[in-house]
Amino acid sequence: MATVPRPGAYVCGIDAAMDVIGGRWKVLILWALDHHGSCRFGELRRQVPGITEKVLAAHLRELETDGIVHREAHDEVPPRVEYTLTEVGRHLNAALEPLGAWGREHVLGGAPHPA
């Protein structure tokens, strides 16, 4: 799945990446999908406490448009939709891991990585 070009000029790669993952919730959605694999909407909502259904749905659509998340709708009754990271999403999480390690060490005081 190809990513959709975003409008505007970027100053650097970090600027471009922050445009994709910016906001309070997107990195937490990526973290939940990385640690729990395939998730349904309700499972994701429980994994990201405080997020509203509206915001979660909007962020999932944006991440899908950017080629970070794959949405699979199963032809069942009742309908079932599962979200997983794409290969691009897995690479993005790998790039974010050093930032998480920095936060654990310098902000959380060396707290262990949650399972």
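Reference entry: report on the structure contained in this document.

Parameters and conventions
Residues numbered from 1 in each chain as written. Predicted model: local features only at pLDDT ≥ 70, side-chain atom pairs only at ≥ 80, totals over all residues. Heavy atoms only, no water. Axes fitted to C-alpha atoms, helices over the stretch in contact; angles between N-to-C directions. Helix = DSSP H or I, 4+ residues; strand = E, 2+ residues; numbered from the N terminus. Parallel < 35°, antiparallel > 145°, perpendicular 65-115°, else oblique. Contact = heavy atoms within 4.5 Å. Nonpolar A, V, L, I, M, F, W, Y, C, P; charged D, E, K, R; others polar. Patch = residues over 30% accessible without salt bridge, like charges linked within 9 Å, V, L, I, M, F, W, Y side chains within 5 Å. Areas by Shrake-Rupley, 256 points an atom, 1.4 Å probe, with all protein chains shown as cover. Salt bridge = Lys/Arg side-chain N within 4 Å of Asp/Glu carboxyl O. Expected span 1.5 Å × (residues − 1). Bend = angle between axes of the 7 residues up to and from the residue. Buried < 20%, exposed > 50% of the residue type's maximum accessible area, 1.4 Å probe, protein only.

Contact geometry of helix H2 (residues 26-36) with helix H4 (residues 53-65) gives a least axis separation of 10 Å together with a crossing angle of 75°. Taken together, the axes of H2 and H4 are roughly perpendicular relative to one another. Residues Lys26, Ile29 and Leu30 of H2 form the contact with H4, whose participating residues are Leu56, His59, Leu60, Glu62 and Leu63. Taken together, the residues of the contact of H2 with H4 break down into five nonpolar, one polar and two charged.

Take the packing of H2 against helix H5 (residues 87-106) next. The N-to-C vectors of H2 and H5 enclose an angle of 110°; their axes lie 10 Å apart at closest approach. By the angle class used here, H2 and H5 are roughly perpendicular. Contacts between H2 and H5 involve Val27, Leu30, Trp31 and Asp34 from the first element and Leu92, Asn93 and Leu96 from the second. Looking at the contact of H2 with H5 residue by residue, the class counts come to five nonpolar, one polar and one charged.

This next bit is on unusual backbone geometry. Between Val77 and the following residue, Pro78, the backbone shows a cis peptide bond with an omega angle of -5°. Mapped onto the secondary structure, Pro78 falls in the loop between strand E2 (69-74) and strand E3 (80-85).

Before going further, it helps to spend a moment on a nonpolar patch on the surface. A contiguous nonpolar surface patch, about 470 Å² in accessible area, is contributed by Leu99, Trp102, Val107 and Leu108. Among the secondary structure elements, Val107 is positioned in the segment after H5.

With 20 residues, H5 should reach 28 Å at 1.5 Å per residue; the first-to-last C-alpha distance of 29 Å fits that figure. For H5, the principal kink sits at Leu96 and spans about 30°; a proline, Pro98, occurs within the next four residues. Residues of H5 that are buried: Gly89, Leu92, Asn93, Leu96, Gly103 and Arg104. Those residues of H5 that are buried are in contact with helix H1 (13-21), H2 and E3.

By themselves, these observations are geometric and do not establish any function.
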